[in-house]
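Topology and contacts: notes
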Amino acid sequence: MGEVDVAFVQAPEHRSKPDSIVEAGGIPLIDLSPLNNCYHEDSANDSARHTAGLVAKIGNACKEWGFFQVFNHGVSADLQQRVEAAAKKFFDLSSEEKRKVKRDEVNPMGYYDTEHTKNVRDWKEVFDFTVKNPTLLPASHQPEDQELQELRNQWPDYPPELREVCEEYASALEKLSFELLEMIALSLGLPEKRLNGYFNDDHTSFIRFNHYPPCPEPHLALGVGRHKDAGALTVLAQDDVGGLDVKRKTDGEWVRVKPIPGSYIVNVGDIIQVWSNDKYESAEHRVTVNSKRERFSIPFFFNPSHHAMIKPLEELVDNQNPAKYKEYNWGKFFKTRKMSNFKKLDVENIQIYHFKRSPV
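Nothing here was measured: the structure is a model prediction, and the numbers come from that model.

What the protein chain contains, in helices and strands, is seven helices and 16 strands. For the protein chain, the residues scored as buried account for 54% of the 360 residues in total. Carbon together with sulfur atoms contributes 49% to the accessible area of the protein chain, which is approximately 16700 Å² in total.

The next point concerns the environment of L35. Checked against the element boundaries, L35 lands in helix α1 (residues 33-38). C-alpha of L35 to C-alpha of L54: the two residues are 19 residues apart in sequence and 7.6 Å apart in space. Excluding its chain neighbours within four sequence positions, the residues that come into contact with L35 are L54, E179 and M183.

The next thing to look at is the packing of aromatic side chains. In this structure the tally under the stated criterion is 22 aromatic pairs. Residues F178 and F199 carry aromatic rings whose centres are separated by 6.1 Å and whose planes lie at 75° to one another, so their mutual orientation is edge-to-face. Here the residue F178 occupies a position in helix α5 (residues 162-187), and F199 occupies one in the loop between α5 and β7 (206-212), the gap between them amounting to 21 residues. Just as F178 is buried, F199 falls in that class too. Aromatic pair F199 and F302: ring centres 4.2 Å apart, planes at 10°, arrangement stacked. Here F199, found in the loop between α5 and β7, pairs with F302, found in strand β14 (residues 295-302); they are 103 residues apart in sequence, far enough to count as distant. With a relative accessible area of 4%, F199 lands in the buried category. Note on F302: relative accessible area 0%, which makes it buried. An aromatic cluster is present here, built from F90, F91, Y111, F127, F129, W155, F209 and F296 joined pairwise through their rings.

What counts, and at which threshold
Residues numbered from 1 in each chain as written. Predicted model: local features only at pLDDT ≥ 70, side-chain atom pairs only at ≥ 80, totals over all residues. Heavy atoms only, no water. Helix = DSSP H or I, 4+ residues; strand = E, 2+ residues; numbered from the N terminus. Buried < 20%, exposed > 50% of the residue type's maximum accessible area, 1.4 Å probe, protein only. Areas by Shrake-Rupley, 256 points an atom, 1.4 Å probe, with all protein chains shown as cover. Contact = heavy atoms within 4.5 Å. Phe/Tyr/Trp six-rings, centres within 6.5 Å; stacked < 30°, edge-to-face > 60°.

This is the structure in structure tokens:
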């Protein structure tokens, strides 16, 4: 890949809210400054007043779209720029150097490109690393298997600053994700910390660097095909090229999400859909490629601990609204999805609809 000048533009410290959500490509655009300000208030009443409106906005966005875009989120522009620069330096390495840290069937962390994907229509290269190192997963997808496998990050020799800046960035995105999770819990009428216990010190969250080279025939390829995310939340940074499309729930049309410098795009994953008993539905989305410009993006996948059992929350279930999903183990679910990237398993690629209860 040749050298190009790709930089994420620094966001202003303060932005006024746009008059409409059209600027965000249709999805709601939410200012998180009330969340940051509440930590400086002396009164609990002041804190609640600052966050109540924010909770309502996030709840509406989760219900109506499954996606929203945030700014004034507390992650510094300097850190955003440093991690983006380090990612670009890595992808500028030769294929030989990048493949020294390629992922495999034993450890699905590290580098891969389109030569290692099942779908030849994919047009990208990727570098994955976990937030917790090592991260524990069941050793196989077999229900009787009680052993745990350690997923360990693989760091290249160059750029030398990559590991340090990635770990700093992971810590900042972890903090932001917990804040968003707490706002979502409140929007469901739950205690603020109700969902935090699923993400103990051994949660399985990971970060992905995506690089989409220019594609000579973009109509024949996709950066990422249409899909829904299996975890709890995805927090995405994308550059000014754009390419993320969200399927609008009201009419099924695809909506292009316009990049806003320094912002994050947040989407609800399947786990929150199950926890909320379908009140909040994960949204289908895809990434299209560009014929002239390369594109970079960095999603943070916020996933619970491997031992977490996922089912509709008891507070949201009653006789009028019975549980719509059977309970499943996240670690085995995640393991099956991850390993199906490398080989054909003797099970269908698992989805939450496999745990859907039949209507009574």
